[in-house]
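Observations on the three-dimensional arrangement
One-letter residues, chain by chain:
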2 protein chains.
Amino acid sequence: MIQNLTEHDRENLQESLAKSGQKVTPQREAVFTVLLADRDHPTVDEVFNRAREVMPGLSLATVYNCLETFVGCGLVRQVNHERESTRYCPNLAPHAHFRDKETGRVHDIELPADVIKSLRSILPPGFDSEAIEISFLGRAQGGDAHPTL
Amino acid sequence: MIQNLTEHDRENLQESLAKSGQKVTPQREAVFTVLLADRDHPTVDEVFNRAREVMPGLSLATVYNCLETFVGCGLVRQVNHERESTRYCPNLAPHAHFRDKETGRVHDIELPADVIKSLRSILPPGFDSEAIEISFLGRAQGGDAHPTL
DNA sequence: GGTTAGATTTTGAATCATTCTAAACAGGGA
DNA sequence: TCCCTGTTTAGAATGATTCAAAATCTAACC
Ligand SMILES: [Mn+2]
Ligand SMILES: [Mn+2]
Ligand SMILES: [Zn+2]
Ligand SMILES: [Zn+2]
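Our subject in this report is the structure included herewith. Note that this is a predicted model, so its numbers are computed, not measured.

Not every one of the 16 residues close to DNA strand C is listed here, only the nearest: Thr-25, Arg-28 and Thr-62 of chain A together with Tyr-64 and Thr-86 of chain B. Sugar and phosphate atoms form 79% of the subset of DNA strand C atoms that lie within 4 Å of the protein. At 3.2 Å from a sugar or linking oxygen of DNA strand C is found a side-chain nitrogen or oxygen belonging to Gln-27 of chain A. A distance of 3.2 Å separates a phosphate oxygen of DNA strand C from a polar atom in the backbone of Ser-59 of chain A. Here the surface near DNA strand C gets three residues from one element, more than from any other, and that element is helix H4 (residues 60-73) of chain A.

With that out of the way, let us pick up the protein's contact with DNA strand D. If you check the shell around DNA strand D, you find 17 residues, and the closest are Tyr-64 and Thr-86 of chain A together with Thr-25, Arg-28 and Thr-62 of chain B. Within 4 Å of the protein, the contacting atoms of DNA strand D are 82% sugar and phosphate, with bases supplying the remainder. In this structure, a phosphate oxygen belonging to DNA strand D sits 2.8 Å away from a side-chain N or O atom of Tyr-64 of chain A. At 2.9 Å, a backbone N or O of Thr-86 of chain A approaches a phosphate oxygen of DNA strand D. Secondary-structure elements contributing two or more residues to the surface near DNA strand D are helix H2 (26-37) and helix H4 (60-73) of chain B.

Residue and element names in this part refer to chain B. With respect to the element layout, His-81 can be found in the loop between strand S1 (77-79) and strand S2 (87-89). Here the alpha-carbon distance between His-81 and Leu-137, two residues 56 residues apart in the chain, equals 9.5 Å. Not counting residues up to four positions away in its chain, the partners in contact with His-81 are Arg-99 and Leu-137. At 3.4 Å, the side chain of His-81 and the side chain of Arg-99 are in polar contact.

With that out of the way, let us pick up the relation of the copies chain A and chain B. When chain A is fitted to chain B, the best match, at an RMSD of 0.0 Å, comes from turning it 180° and sliding it 0.0 Å along the axis. Taken together, these values place the two copies in the relation of a two-fold axis. For chain A, the residue whose C-alpha comes nearest the rotation axis is Ile-134 of chain A, separated from it by 2.3 Å. Most of the interface of chain A is mirrored in chain B: 100% of its interface residues are interface residues there too.

All names here are of chain A. With 13 residues, helix H1 (residues 7-19) should cover 18 Å at 1.5 Å per step; its first-to-last C-alpha distance of 18 Å lies within 8% of that length. Asp-9, Leu-13, Ser-16 and Leu-17 are the residues of H1 that are buried. Mapping the buried residues of H1 onto a view down its axis gives an arc of 95°, with all of them on the same face. Of the exposed residues in H1, the ones pointing more than 90 degrees away from its buried face are Glu-7, His-8 and Lys-19. Where the residues of H1 are buried, they touch helix H2 (26-37) and H4. Note on H1: the residue one or two positions beyond its end, Gly-21, has a positive phi of about 70°.

So, on to the nonpolar core. Residues Leu-119, Ile-134 and Phe-136 of chain A together with Leu-119, Ile-134 and Phe-136 of chain B are the most contacted members of the largest nonpolar core, which totals 24 residues. Apart from residues lying up to four places away in sequence, Phe-136 of chain A is in contact with Ala-96, His-97, Phe-98 and Arg-99 of chain A together with Leu-119, Ile-122, Leu-123, Ser-129, Ala-131 and Ile-132 of chain B.

Scanning the model with the defined rule gives one cavity of 30 Å³ or more in all. By volume, the largest cavity is sized at about 390 Å³. Around the largest cavity, the lining comprises 28 residues; the ones closest to its centre are Asn-80, Glu-133 and Ser-135 of chain A together with Glu-133 and Ser-135 of chain B. Broken down by class, the residue content of the lining of the largest cavity amounts to 10 nonpolar, 10 polar and eight charged.

Reading the values: rules and limits
Residues numbered from 1 in each chain as written. Chains lettered and ligands numbered in written order. Predicted model: local features only at pLDDT ≥ 70, side-chain atom pairs only at ≥ 80, totals over all residues. Heavy atoms only, no water. Near = heavy atom within 4 Å. Polar contact = N/O pair within 3.5 Å; in protein donor to acceptor, adjacent residues only side chain to side chain. Helix = DSSP H or I, 4+ residues; strand = E, 2+ residues; numbered from the N terminus. Contact = heavy atoms within 4.5 Å. Least-squares fit on C-alpha atoms with pLDDT ≥ 70 in both. Expected span 1.5 Å × (residues − 1). Buried < 20%, exposed > 50% of the residue type's maximum accessible area, 1.4 Å probe, protein only. Arc of directions from axis to C-beta. Core = buried A, V, L, I, M, F, W, Y, C linked by side-chain atoms within 4.5 Å. 1 Å grid on protein atoms, 1.4 Å probe; cavity = no way out; pocket = protein on both sides within 12 Å on 5 of 7 lines; lining within 4 Å. Points joined across faces, edges and corners; volume = space filled by probe spheres on them. Nonpolar A, V, L, I, M, F, W, Y, C, P; charged D, E, K, R; others polar.

See below:
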């Protein structure tokens, strides 16, 4: 069931879009709502199908457009694994991703500042990095008592 | 100019293939030679074009087949960045990748054991990782005095 | 209230890396 | 030589994403 955005989330959406001269539209609001509802790193198709439940006329191209817009605004991150469909993540805190080989599910893994620092430190002089992507592949046993939920 | 494989590299190829019941073929040897000649993380098309110089009848499908075989044998790694074409890397040492935003080139970054350890340590209990991928995005100024060359 | 310019959405076609299929090919025994 | 099996090949198919053009919406202005 898709809840509406909280006042806070709506403002966040509104302001982030405004910064790049763009507006809140019903489609953007629906797509953003879907992303915040289940932070399970959905693919475009998954977002599309979820959003259509509440906005039947929504088109796939619009979902692509909205997600691209959000990435441009810094509202969400793309998450890629090999050449599978791109997934989308509204968690803006620095974090790595863990892909469960068995379920295919993607989990967020908190990334402490000192680990980021130790990673940056392996770069030879002259290498200036503005983004680091870290992904684990393996199995996540047991329940879901982790940051994703 | 594409050199032949060293005796050592040929044996490595032969034995790795043999382990999974496969043989050295002229096509596989050509593709492997190309991978070892310039460790610049070529795409399939780049491998194809380089290999054709020495084996004009080679087909693109065969390059895909050979590379898939090598990945299966553990002879090479795939390197992906977002949804760009997959690149191939014959460096089997644990290493991260640095993508230069300006040139598009991919550089190998040595990955010390203690950094790997500190990364594993951020996984919550129950998360068992068998592979970690790390990629930096940024600019690599200056010469090429780094592990790639 | 109507008009208009610009942004947004929609549909359907195009792209393109990759995978698939089925037919040739190779080569080491029987 | 003939067969068996793995390999290669050409071309078709796939599928996520992007593109192009027309339709729709919105907000500002008259
Ligand atoms: Mn889980
Ligand atoms: Mn360089
Ligand atoms: Zn995430
Ligand atoms: Zn590499």
